[in-house]
Amino acid sequence: MDNKTQPATNREHQSKWTLRNIILIALIAIFTGIIFWGAGFLYTALTVVLTPIGAAPFANDLLMGLWCMAGPLTGFVVRTFGSAFVGEFLGAAVEVFLGGQWGAGAFISGLVQGIGSELGFAFTGYKRYDWVGLNASIFTTVVVTFAWDVIKNGYNKFGIPLLLALFVTRYISTFIFGGVLTKMIVRLLDRSNAFSL
Amino acid sequence: MNPGLKLLLVMAIALEISFTQSLIVNVILIGVSFIYILFNRVTFKALIGLIFWPLFPALGLFVSQWLYGSAGIHFAWILFTRIYAYVFLGATFTLTSSITNLALTLEQDFRLPSKFAYGVLAAFNLMPKINEEVQIIKTSALMRGEALHFWSPKLYFKAILSSIQWSQNLAEAMTSHGFVEDQGRTHYRVIKITRMDWVWFIGLFGIVQVLLFFIRY
């Protein structure tokens, strides 16, 4: 790979769109897609429990962070413009081809989530690959995906208290999975010098 | 129909019905897609799955909108049918198109750089192996008395390590088969967008516009 020549502590390195990196992003996206696929029953189970009290949208918001993990992960491993977007979009595409329950909706959610997670890295100029950059990505992901659900899932017809509760739920979920979990994974990768492989 | 154009059409319509609110158009889209799928010899099991699984999110949205929404039951029905419209529209694409043809047409007709088309295709073809690898990672952890779940950082860490190794191998294998990045390529299998493809694309898209314009209920 091109960054073999760089020092092992290459926290600052910029990646390029090489064939190898493209395959790497796609593979990570598919791995995460398949891991979530295994947790797919969670969504259905949560929805079944929450539907009778009309709180089913919370299932969506509770799991949002899980669905938005591929973006920050690929964004951190391949540090360049567009990698978070491509990773997140491909992760959603995997669900479509595995036969997910959202059909064409997953493609569009993938686009939206990809834009959300990419924006955060863009705001930090692709320079902050730390807690700050990660939080920027979490923030933009939550805002962009929530705005999309306001349109798509009719959140705009709910009252303010319910909207607020949904937003906070989504933020916490994205913070835990997209933030804390991603941070732990990146730390493991850092300690094993995987970024310089 | 050309798979690239078909994907574009499906996504455009799905995007459009997210912004518009017409119950009848949603139902028409579901019906037409359903008939199209039937003509393409879908298995009975797949069909049942298509109807059964979306029931959960659709019903969930319906009930919450009905109980707490300010727009009444009509809007709840729109959301319910919208979920099914997404699924059946998506199925018209996924049940009839191969990922290989999609990659070929995206490269040849949509000017996607060949390294993206073939790189992503190579990765997607590994999907069964990736599935296996996830099982291997979990099982070998179990042997050491450690259960890995979807919230365990180690599971992702090991998955990424495999990805790094495999991407290196795949890229080298492709290079040794004569794949050169950013170089022009000739094609053994040529996929073109025919005039009929365009007629279908513009025709179907046009019909949806007309329907959405006139049917507001």
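All values reported here derive from a predicted model rather than from experimental measurement.

Compared with an ideal rise of 1.5 Å per residue, which puts 24 residues at 34 Å, helix α9 (residues 153-176) of chain B spans 35 Å between its outermost C-alpha atoms and is within 8% of the ideal. Note on α9 of chain B: the residue one or two positions beyond its end, glycine 178 of chain B, has a positive phi of about 95°.

Let's shift gears to the domain arrangement of chain B. Once the domains are mapped, chain B shows domain 1 (3-102 + 192-214) and domain 2 (114-176). Each of domain 1 of chain B and domain 2 of chain B has a C-alpha centre, and these two points are 33 Å apart.

A separate point is unusual backbone geometry. Residues and elements named next belong to chain A. A positive phi angle, near 60°, is found at asparagine 193, a position not held by glycine. Looking at the element boundaries, asparagine 193 is found in the segment after α8 (160-191). With a relative accessible area of 38%, asparagine 193 lands in the partly exposed category.

Moving on, we come to the pattern of salt bridges. In total, this model carries 6 salt bridges over all chains according to the counting rule given. Note that aspartate 61 of chain A and arginine 170 of chain A form a salt bridge whose closest N and O atoms lie 2.6 Å from each other. One end of the pair, aspartate 61 of chain A, is in helix α3 (residues 57-67); the other, arginine 170 of chain A, is in helix α8, and 109 residues separate them in sequence. By relative accessible area, aspartate 61 of chain A is classed as buried at 0%. The shortest N-O distance in the salt bridge between lysine 115 of chain B and aspartate 182 of chain B comes to 3.5 Å. One end of the pair, lysine 115 of chain B, is in helix α7 (residues 114-125); the other, aspartate 182 of chain B, is in the loop between α9 and α10 (195-214), and 67 residues separate them in sequence. Of the residues examined, lysine 115 of chain B reaches a relative accessible area of 11% and is grouped as buried.

Residue and element names in this part refer to chain B. The tally for this structure, following the rule as stated, stands at 32 aromatic pairs over all chains. Judged by centre distance (5.9 Å) and plane angle (85°), the rings of tryptophan 198 and phenylalanine 201 are edge-to-face. Remark: phenylalanine 201 and tryptophan 198 occur in helix α10; sequence separation between them is 3 residues, near one turn of the helix. Judged by its relative accessible area of 14%, phenylalanine 201 is buried. Members of the aromatic cluster, each reached through a chain of ring pairs, are Phe34, Phe62, Trp66, Trp77, Phe80, Tyr84 and Phe88. Above the face of the phenylalanine 213 ring, arginine 216 is positioned so that its terminal group lies 5.6 Å from the ring centre.

Think of a ball as big as a water molecule: rolled over the atoms, this probe shows where empty space is left. Inspection of the entire model under this criterion finds 3 cavities of 30 Å³ or more. Empty space within the largest cavity amounts to approximately 470 Å³. In terms of lining, the largest cavity is formed by 36 residues, of which the most central are Asn60, Trp67, Trp102, Ser109 and Gln113 of chain A. Contributions of two or more residues to the lining of the largest cavity are made by α1 (19-38), α2 (40-50), α3, α5 (83-98), α6 (104-123) and α7 (131-152) of chain A together with α4 (55-68) of chain B. For the lining of the largest cavity, the per-class residue count stands at 17 nonpolar, 14 polar and 5 charged.

Below, the discussion takes up the interface of chain B and chain A. Every contact between the two is made by 67 residues of chain B and, on the other side, 64 residues of chain A. For the chain B and chain A pair, buried surface summed over both sides reaches about 5,800 Å², with 82% attributable to carbon and sulfur atoms. At the surface where chain B touches chain A, the tally comes to 0 salt bridges. Joining chain B to chain A, the criterion identifies 8 residue pairs in polar contact (both at pLDDT 80 or more). Listing elements by their share of the side of chain B that touches chain A, those giving two or more residues are α1 (3-19), α4, α5 (72-94), α7, α8 (127-143) and α9 of chain B.

Interaxial distance between α1 of chain A and α9 of chain B falls to 8 Å at its minimum, and their mutual angle equals 140°. Once α1 of chain A is placed against α9 of chain B, the crossing between them reads as right-handed. For the contact of α1 of chain A with α9 of chain B, the per-class residue count stands at 17 nonpolar, 5 polar and 1 charged.

Residues and elements named next belong to chain B. Packing of α1 against α10 brings their axes to within 10 Å, and their N-to-C directions diverge by 10°. In this view, α1 runs roughly parallel relative to α10, as classed from their interaxial angle. Contacts between α1 and α10 involve Leu5, Leu8, Leu9, Ala12, Ile13 and Glu16 from the first element and Asp197, Trp198, Phe201, Leu204, Phe205, Val208, Gln209 and Leu212 from the second. Classifying every residue of the contact of α1 with α10 gives 11 nonpolar, 1 polar and 2 charged.

General note: in soluble globular proteins, nonpolar side chains tend to be found buried as a group. Ranked by internal contacts, the top residues of the largest apolar core, which has 119 residues, are Met69 of chain A together with Tyr156 of chain B. By residue number, the principal contributor to this core is α1 of chain A, which donates 14 residues. Counting contributing residues, this core receives three or more from each of domain 1 (3-102 + 192-214) and domain 2 (114-176) of chain B. If sequence neighbours within four positions are ignored, methionine 69 of chain A has contacts with Phe36, Glu88, Phe177, Gly178, Leu181, Thr182 and Ile185 of chain A together with Tyr156 of chain B.

Here the focus is the environment of phenylalanine 214 of chain B. Residue and element names in this part refer to chain B. With respect to the secondary-structure elements, phenylalanine 214 resides in helix α10. On the basis of relative accessible area, phenylalanine 214 is assigned to the exposed category, the value being 63%. As for phenylalanine 214 and leucine 15, which are separated by 199 residues in sequence, their C-alpha atoms are 18 Å apart.

Rules of the game
Residues numbered from 1 in each chain as written. Chains lettered and ligands numbered in written order. Predicted model: local features only at pLDDT ≥ 70, side-chain atom pairs only at ≥ 80, totals over all residues. Heavy atoms only, no water. Helix = DSSP H or I, 4+ residues; strand = E, 2+ residues; numbered from the N terminus. Expected span 1.5 Å × (residues − 1). Domains from an automatic or database assignment. Buried < 20%, exposed > 50% of the residue type's maximum accessible area, 1.4 Å probe, protein only. Salt bridge = Lys/Arg side-chain N within 4 Å of Asp/Glu carboxyl O. Phe/Tyr/Trp six-rings, centres within 6.5 Å; stacked < 30°, edge-to-face > 60°. Lys NZ or Arg CZ within 6 Å of the ring centre and 35° of its normal. 1 Å grid on protein atoms, 1.4 Å probe; cavity = no way out; pocket = protein on both sides within 12 Å on 5 of 7 lines; lining within 4 Å. Points joined across faces, edges and corners; volume = space filled by probe spheres on them. Nonpolar A, V, L, I, M, F, W, Y, C, P; charged D, E, K, R; others polar. Contact = heavy atoms within 4.5 Å. Buried area = accessible area lost by both parts, 1.4 Å probe. Polar contact = N/O pair within 3.5 Å; in protein donor to acceptor, adjacent residues only side chain to side chain. Axes fitted to C-alpha atoms, helices over the stretch in contact; angles between N-to-C directions. Left-handed = near helix turned anticlockwise from the far one by under 90°. Parallel < 35°, antiparallel > 145°, perpendicular 65-115°, else oblique. Core = buried A, V, L, I, M, F, W, Y, C linked by side-chain atoms within 4.5 Å.

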